[in-house]
Structure formats: structure tokens, C-alpha cells
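# Working through the structure, step by step
Each chain, letter by letter, is given below.
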Amino acid sequence: MNLHEYQGKEILASHGVRVQRGIVANNPAEAVAAAKQLTAETGTGWHVIKAQIHAGGRGKGGGVKLAKNLQQVEEIAEQIIGMNLITPQTPPTGKRVHKVLIAEDVYYPGESETSEFYMSVLLNRGKARNMIMYSTEGGMDIEEVAEHTPHLIFTEEIDPAVGLQAFQARRIAFNLGLSGNAFKEMTQFVASLYKAYIDSDASMFEINPVLKTSDNKIMAVDAKVVLDDNALYRQKKYSDMRDIREENPIEVEAKEVGLNYVDLDGTVGCMVNGAGLAMATMDLIKYAGYEPANFLDVGGTADAKRVETAFRIILRDENVKAILINIFGGIVRCDRVAQGVVDAYKNMGDTIKVPIIVRLQGTNADIAKELIDNSGMPILSAVEFQEAADQVKAALS
């Protein structure tokens, strides 16, 4: 589950991480009120207006701007709220901005130059350990840093048996070239950041930039946070932070009816039971020369109602030109699935305007094929993987 910047900062602040303070606004009037309140609380004279969407690169798309007075706060908020913000991490049409974060200016003059760093905490799946990735090149896309100056990216792996150790936090501060109070603040920052990551059951915390201010304080200026959906049952206080307006509406609908659905960019819809078979089916489609339009796991109960629901969700995607149903009859019998497909097709009438290819293997697969073939419905049946791929190719050629 993705969070907005202001929500991620709330989690960080609750764990003792110093953050750039800000107030959320839903319209220009609220933005001005937030700016006045922020000035009273922090003394900031300038304000940063930040679009709140689930995507990075907002500054490049015009979603982060500096206001030097209250009139500019109102004008910029009016420009940003309601716009379709296009960044490298949004769909081509962009994402609509519903709210902005009015933040304090933290790049004030002082005894030393400001410095920006990159830092993230995430899981290294290859080594089954959490790791802290960091760089002196903050404020830049980490992908560009990795491509052009990979020697400037450091990692610190955390032993799950003992957790983050003090010497590791000190090593991070040293590699970032810090000393004095900034060194001390960074070690505390790292420890608190890692605790926030663990306590919230996150799958990623990305802070870009981490700022060393002119008076040698360390703070999070941005926060990109992803929480593990599978742990939300024990993170009730965070589950309410979900903003479904930022999510794919088809995926939201599928989740509400208990279907595992991920929207993709292809033209062949997939309906499969089991994640492994779903991945293999997507490979099958690619080998046939096409791209999958979705990942959809109907689970073990592929009855008529569930199949019909899956059909309707797949067909919400206008790019779908064919649907491949690939079911292994282990927990559920193939003949029940076949009957479910036929009944769903009859119930939906003329709604289905694309070819349907059904491959059923396992318990009662022969009966299932006979049901499909004798249904009188324009449904193509297959037995082998390659046969299903050939049916898809023939249907779309």
C-alpha cells in the first residue's frame, strides 16, 4: 500500500525522525491558512507547495514549487490542485492532484553549506535481509546515479538476528562525509528510520533527499513509503491511510470481491487459478507474440458467479482483445469450472465481444472439454499449453 508524502512523514516523526514540517490542504484557501499556521509555528517565511500523489519525480512535472509570500501560496495551490500531474512514474495521462502539502522552507542560510543525501530501507530478496541503501547524490533519480556513478551508492545489510547495529549507523554517517553534530544526528536519523521501517511493516522507505541543513541538522525533506499489504491486519492505524483515488479503479474493484488482479498493458486477458500458473500463462502469451493485459488469480473456487465477476473485471480494460482461461483442476474440478464458464457466458449475453480460449487440465478435464465443445457457445477449448498459445495466436491474427 503506497502512502502520500505527508503520511510517510507522520510515521517518521512518530518514531523520532526529524522531518520537514508541513500541513495538508485540499484547496487554495486551506493552503493559505496552512501557510499562516506554519509561519506561526516554525517561523518560516517561504513555503514549499508539494502535490500529493503516489508517484516520484513530482518536481520535474511542475508539482513542487516555492512560494515567497501568501499570494503566491494561493496562486500555486490553485495551479497544482486539480491538475493532471505527469511524471516518469505516472501513466502517460498523469495523475490528478487532490491535495497539496504546504511545507516549511528548510534551505535557510547558516554556518555551513546544505547537503542532500539519498537513503532508503528495503528488503534484499536475494539475501533475505533488510538493507539500507544510501548515497551522497541526494535530490537526483537514484537510477541515474546507479547508471552513471555506481561507486557513489553504498549498502548496509542488516542481520535479522541482531538488527541494525550502532557501528553500522556510524559507518553510514562516515561514508556520507559527515562530522561533528551532523555525524551524531545522522547516526540517530538512521536508527530511527530503520525502527520506523520495522515497526510499520513497510516494504520500502525512501527519503530523497535527506538534508543536512546549514546548522548541521539532519532531516527528511521527502518520504516515499510502501507498506506491506499482507501485514495491514496488524497495522490498523495505517490501513486507514489508504487513498483509493490513487489506485487503479479496476484493481480496487477486484480486491473488493476477493480477486487477485494486477492491471498490465497488453491485449490478452488472463483468468487463472494459482499465482505460479498465472505467471506461466503470462509467459505463454508472450511466447505467442502478444502481451498479457492483466494478472488475475481467481483462487480455488472458480464457480459461475466468480468466473462472471472475473469476466466483467477483465473486460473493463478496453485494450483486451482476447481472454485466455487456464485452470488446473486440483482443488476445484475442471467440469465445475467449465460449467461456470458456460453459465457466465450465457448470463453476460452480448457483453463478451472478444474470443475466449479455455484450457482445463486436471480432475475431470475430459468432461470439461466436452462441456465446452458441446455448449454451443463460441468458446475455444485447448488441452496442452502450446495448443492454448496457438489458439490465442489464431484468434488475434
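Positions within a chain are numbered from 1, following the residues in the order the chain's sequence is written. pLDDT decides what is reported in this predicted model: residues at 70 or higher carry local features, side-chain atom pairs at 80 or more are listed and counted, and totals for whole chains, interfaces and linings draw on all residues regardless. Note: side-chain values were computed over all heavy atoms of the structure, leaving out hydrogens and water.

## Side note on the pattern of salt bridges
Within this document, salt bridges are pairs made up of a side-chain nitrogen of Lys or Arg and a carboxyl oxygen of Asp or Glu, the two lying within 4 Å of each other. Under the counting rule described, the total for this entry stands at 22 salt bridges. Measuring nitrogen to oxygen at the nearest pair gives 2.9 Å for the salt bridge that ties R234 to D201. With a gap of 33 residues between them, R234 in the loop between strand 12 (224-227) and helix 7 (236-239) and D201 in the loop between helix 6 (180-199) and strand 10 (202-212) connect regions that are remote in the sequence. Across the salt bridge formed by K217 and D215, the nearest N and O atoms sit 3.8 Å from each other. Burial classification: accessible surface area is computed with a 1.4 Å probe over protein chains only, and a residue below 20% of its type maximum counts as buried, one above 50% as exposed, and the rest as partly exposed. The class of D215 is partly exposed, set by a relative accessible area of 27%. Numbering of helices and strands runs from the N terminus; a helix is a DSSP stretch of H or I covering at least four residues, while a strand is a stretch of E covering at least two.

## Side note on the pairing of strand 14 (residues 268-272)
Burial within strand 14 is extensive, with five of its five residues counted as buried. Where burial is concerned, the two faces of strand 14 agree: the one with V268, C270 and V272 and the one with G269 and M271 are both buried. By definition, two strands form a pair when at least two bridges between them are found by DSSP. Bridging between strand 14 and strand 16 (residues 322-329) involves five bridges; their strand directions are parallel. Across the sheet, residue M271 finds its bridge partner in strand 16, namely I325.

## Let's talk about the packing of aromatic side chains
Working definition: a ring pair exists when centres of Phe, Tyr or Trp rings (six-membered ring for Trp) sit within 6.5 Å. Plane angles under 30 degrees give stacked, over 60 give edge-to-face, the rest tilted. One pass over the full model with this rule turns up three aromatic pairs. Ring centres 5.3 Å apart and planes at 20° place the aromatic pair Y134 and F154 in the stacked group. Here Y134, found in strand 8 (residues 129-135), pairs with F154, found in strand 9 (residues 153-158); they are 20 residues apart in sequence, far enough to count as distant. Members of the aromatic cluster, each reached through a chain of ring pairs, are Y194, Y197 and F205.

## Remarks on the UniProt feature "binding site: ATP" (unreviewed entry) in the protein chain
UniProt positions are given in the numbering used here, feature names are shortened, and annotations may be inferred rather than shown by experiment. With numbering matched to this structure, UniProt assigns "binding site: ATP" (unreviewed entry) to K50, G57, R58, G59, V106 and E116. In this structure, R58 sits in the loop between strand 2 (47-51) and strand 3 (64-67). Overall, R58 belongs to the buried group, its relative accessible area being 8%. For this analysis, a polar contact is any N or O atom pair within 3.5 Å, provided that within protein one partner can donate a hydrogen and the other can accept it, and provided that sequence-adjacent residues contribute only side-chain to side-chain pairs. Within the local environment of R58, its side chain forms a polar contact with the backbone oxygen of A51, the two atoms lying 2.6 Å apart.

## Brief notes about the sheet that holds strand 3
Strand order across the open sheet formed by four strands is 1-6-2-3, with antiparallel pairing between neighbours. Only two strands of the sheet have a single partner each, and these edge strands are strand 1 (22-25) and strand 3. Each strand axis lies, on average, 25° off the axis of its neighbour in the sheet, ignoring direction. Sheet topology note: the strand 1/strand 6 (residues 100-104) ladder contains four bridges and is antiparallel. Its bridge partner lying in strand 6, A25 is registered against V100. By definition in these notes, contact holds between two residues if any of their heavy atoms fall within 4.5 Å. In this description, a line fitted to the C-alpha atoms serves as the axis of each element, helices being fitted only across the stretch in contact, and the angle between N-to-C directions of two axes falls anywhere from 0 to 180 degrees. Sheet strands in contact with helix 1 (residues 5-14) are strand 1, strand 2 and strand 6, and its direction is about 50° off that of strand 6.

## As for the side chain of Q168
Counting through the fold element by element, Q168 comes out in helix 5 (residues 166-175). The buried category is assigned to Q168, whose relative accessible area is 6%. If near-sequence neighbours (up to four positions away) are discounted, Q168 is found in contact with E156, E157, I158 and G163.

## Things to note about the UniProt feature "binding site: Mg(2+)" (unreviewed entry) in the protein chain
Feature annotation in UniProt places "binding site: Mg(2+)" (unreviewed entry) on N208 and D222, given in this structure's numbering. Locating N208 in the fold gives a position in strand 10. In this structure, N208 is in contact with F117, Y118, G138, G139, M140 and D222, ignoring residues within four places of it in sequence. Within polar-contact distance, the side chain of N208 engages the backbone nitrogen of G139 at 2.7 Å.

## With respect to helix 8 (residues 249-256)
For helix 8, the set of buried residues is I250, V252 and A254. Its side-chain oxygen at 2.8 Å from the backbone nitrogen of I250, N248 defines the N-terminal cap of helix 8. Of the residues trailing helix 8, G258 is marked for its positive phi of about 85°.

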